[in-house]
Amino acid sequence: MVSVEISKDVFWVGAIDWNARDFHGYLTKRGTTYNAYLIKDEKTALIDTVKYSFSDELAKNIGEIVRFEKLDYIIINHVEMDHSSALPQIIKLAKNAKIIASPRGKDALIKHYGEGIKVETVKTGDQLKLGKRTLSFIEAPMLHWPDSMFTYITDGGILMPNDAFGQHLATSGRFDDEVEESILMEEAAKYYANILMPFASLIARKIQELVSMKIPIKLIAPSHGIIWRSNPMKIINAYKNWSEGLSKNKIVIVYDSMWGSTTTMARVIADGIASQGIDVKFFKLRESDVTEIVTEILDAKAVIVGSPTLNNSMFPSVGAFLTYICGLKSKGKLWAFFGSYGWGKGAVKQMMESAQKANFEVYERAIEVQYVPTEKELEECLNFGKDIAQKVKSS
Ligand code: FEO
């Protein structure tokens, strides 16, 4: 993809990864982009690079705008390799460029690329004058790595927050008004849920900090997906809501099954929830995308997890799911559990212990049936769904 001028003398020079389907375990069904930006002024600055496999594309895009010996600065907002692994190739071409990162960014760059890399550090409030434009730096630790930093371009009001406000979405359009809004917000929510959810309280504070700085924001140019220009506040407000845990009257059922008993229980629990007028989402783990399940959990008030017992333990797919969601530190939801077993219990106890260890709010009642649920046990499942729906309604 050729470069795109996103504002006067500010160019998108990144790469579109149309074929990306697995981003360290996150299923990117619509691909992704690695956004890098070039600012041409009296001095020239590159903001971030791309994944190493797109180094040639980045180099070509830069080279069509500026001669490499004229590249003065390379700003590294974040060292994760999808943004920095083209740096070694770019440094070889841009021999005069100074590399700039946060102090923790410097440490991480040295750890990734060796002691030979020379990095100057900046802190929140530091500025770099390019000419008409000035770059201001805002450290954003743990959004989502310790090194993360935002770069703000005065004279244009462009915020480059790296991973924050991004989406894994490969499109030919570079701006929010060039893609379908429902797809864009779905991908933005998925990105937040699967990458940023553990840092909700830090995000809420960073948004408050940004708002209190009263800097004009005309464009938000993240490092993945499209650039927010038609209404940058839309994604800021969405992050505010997500980070504050704004949720809907929605319950997500996540389960797996061996011979159908847990499926039968899940279906009846879903009927009980729906009978109370509460939206229910239903996922059998081995037939679903965990990335999408987590997106549904983001704004749900309760999650009900079911598992058969296998070898006195929860089913492996359920174990993997709980490991993932506990790591994401999902907050403010009610978690309930059910399952089936043959001759020895284990799954429900193990699931509840995992959730308690993660400090989830766990519903005190669980349902566990032997072999195949009886009519009476199915009645219990129906009531279980109804009771949790009522709890959600009254919360
Ligand atoms: Fe897009 Fe944290 O890397």
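Here the structure is a predicted model, which is why all the values come from computation and not from measurement.

The rules behind these values
- One numbering rule holds for all chains: residues counted from 1, following each sequence as written.
- Reporting of local features is limited, given that this is a predicted model, to residues whose pLDDT is at least 70; pairs of side-chain atoms are given and counted only at 80 or more, and all residues count toward the totals for whole chains, interfaces and linings.
- Computation of side-chain values: all heavy atoms of the structure, hydrogens and water removed.
- Secondary structure elements are taken from DSSP: a helix is a run of H or I of four residues or more, a strand is a run of E of two residues or more, and numbering for both begins at the N terminus.
- Using a 1.4 Å probe on the protein chains alone, a residue whose accessible area is under 20% of its type maximum counts as buried, one over 50% counts as exposed, and one in between counts as partly exposed.
- We call two residues contacting when some pair of their heavy atoms lies within 4.5 Å.
- Only the protein chains shown count as cover for residues, and the accessible areas themselves come from Shrake-Rupley with a 1.4 Å probe.
- His residues and chain termini do not enter the charge count, which takes Lys and Arg as positive and Asp and Glu as negative.
- In plain terms, the charge of a residue is placed at NZ if it is Lys, CZ if Arg, CG if Asp and CD if Glu.
- Two strands are counted as paired when DSSP detects at least two bridges linking them.
- To define axes, lines are fitted to C-alpha atoms, for helices over the stretch in contact only, and angles between the resulting N-to-C directions are given on a 0 to 180 degree scale.
- Two N or O atoms form a polar contact when they lie within 3.5 Å of each other; inside protein one atom must be a possible hydrogen donor and the other a possible acceptor, and for residues adjacent in sequence the pair counts only when both atoms belong to side chains.
- Helix span, expected: 1.5 Å multiplied by one less than the number of residues in the helix.
- An automatic or database domain assignment supplies the start and end points of every domain.
- When two components associate, each loses some accessible surface as probed by a 1.4 Å sphere; the sum of these losses over both components is called the buried area.
- Basic side-chain nitrogens of Lys or Arg form a salt bridge, by our definition, when they fall within 4 Å of a carboxyl oxygen of Asp or Glu.
- Lys, Arg, Asp and Glu make up the charged group, whereas Ala, Val, Leu, Ile, Met, Phe, Trp, Tyr, Cys and Pro make up the nonpolar group; the residues left over, Gly among them, are polar.

Caption draft 1: Expanded view of the overall build of the chain. Along the backbone of the chain there are 12 helices and 23 strands. Counting only C-alpha atoms, the chain reaches 80 × 40 × 35 Å along its principal axes. Within the chain, the fraction of its 395 residues that count as buried is 58%. A separation threshold of at least 6 residues defines the contact pool for the chain, and within that pool the share at least 24 residues apart is 71%. Summed over its atoms, the accessible surface of the chain is roughly 16900 Å², and 52% of this surface lies on carbon and sulfur atoms. Once the 48 positive and 48 negative side-chain charges of the chain are each reduced to a mean point, those two points are 3 Å apart.

Caption draft 2: Geometry of the sheet that holds strand 9 (residues 73–76). As summarised here, the arrangement of the seven strands in space is 1-2-7-8-9-10-11, forming an open sheet in which the pairing is mixed. Bordering the open sheet on either side are strand 1 (4–7) and strand 11 (119–121), each of which pairs with just one other strand. Going from strand to strand, the sheet's axes swing by 30° on average, the running direction of each strand aside. Pairing of strand 10 (residues 98–101) with strand 11 involves three bridges; the strand directions are parallel. By the bridge assignment, Ile100 is partnered in strand 11 with Glu120. Contacts from helix 4 (residues 103–113) reach strand 9, strand 10 and strand 11, with the element oriented near 120° to strand 10.

Caption draft 3: Region of the structure containing the side chain of Thr309. Among the structural elements, Thr309 can be located in strand 19 (residues 302–310). Take Thr309: its relative accessible area is 12%, and that puts it in the buried class. A distance of 3.5 Å separates the side chain of Thr309 from the backbone nitrogen of Gly346, its partner in a polar contact. The contacts of Thr309, once residues within four sequence positions are left out, are Met258, Ser340, Tyr341, Gly344, Lys345, Gly346, Ala347 and Glu368.

Caption draft 4: Summary view of helix 8 (residues 261–274). A rise of 1.5 Å per residue sets the reference length of helix 8, with its 14 residues, at 20 Å; its end C-alpha atoms lie 20 Å apart and thus fit the reference within 8%. With 10 of its 14 residues buried, helix 8 lies for the most part within the structure. Among all positions of helix 8, only Ser261, Thr262, Thr263, Met265, Ala266, Val268, Ile269, Ala270, Gly272 and Ile273 are buried. Buried residues along helix 8 sit against strand 17 (250–255), strand 18 (279–284), strand 19, strand 21 (334–341), strand 23 (367–370) and helix 12 (375–394).

Caption draft 5: Up close: the domain arrangement of the chain. Taken domain by domain, the chain consists of domain 1 (4–243) and domain 2 (248–390). Domain 1 and domain 2 are separated by 38 Å when their C-alpha centres are compared. Across the boundary between the two partners, domain 1 contributes 13 residues, which contact 11 residues of domain 2. Of the roughly 1100 Å² buried where domain 1 meets domain 2, counting both sides, 61% is carbon and sulfur surface. When the area that domain 1 buries against domain 2 is broken down by residue, the three leading residues are Asn194, Met197 and Pro198, summing to 50%. Our enumeration of links across domain 1 and domain 2 arrives at two salt bridges. When the shortest N-O distance is used, the salt bridge between Lys190 and Glu292 registers 3.2 Å. Scanning the region where domain 1 abuts domain 2 turns up five residue pairs in polar contact (both at pLDDT 80 or more). A total of six residues in the side of domain 1 that touches domain 2 trace back to one element, the largest contributor, which is helix 5 (residues 181–196). Partitioning the side of domain 1 that touches domain 2 into residue classes produces eight nonpolar, two polar and three charged.

Caption draft 6: Here's a closer look at the pairing of strand 13 (residues 134–139). Among the six residues of strand 13, five are classified as buried, and the element is accordingly described as predominantly covered. If you look at the hairpin formed by strand 12 (residues 127–129) and strand 13, you'll find four residues sitting between the two strands, and Gly131 has a positive phi there, around 150°. Inspection of the sheet shows strand 13 paired to strand 14 (residues 149–153) by five bridges, in the antiparallel sense. Residue Phe137 lies in a different strand from strand 14, and its bridge partner there is Thr151.

Caption draft 7: Here's a closer look at the pairing of strand 7 (residues 37–40). Direction of pairing for strand 2 (residues 10–12) relative to strand 7: antiparallel, over a ladder of three bridges. Each residue of the ladder has a partner; that of Val10, found in strand 7, is Ile39. Strand direction decides the pairing type here: strand 7 and strand 8 (residues 44–47), joined by four bridges, are antiparallel. Each bridged residue has a counterpart across the sheet, and for Ile39 the counterpart in strand 8 is Ala45. If you look at the hairpin formed by strand 7 and strand 8, you'll find three residues sitting between the two strands.

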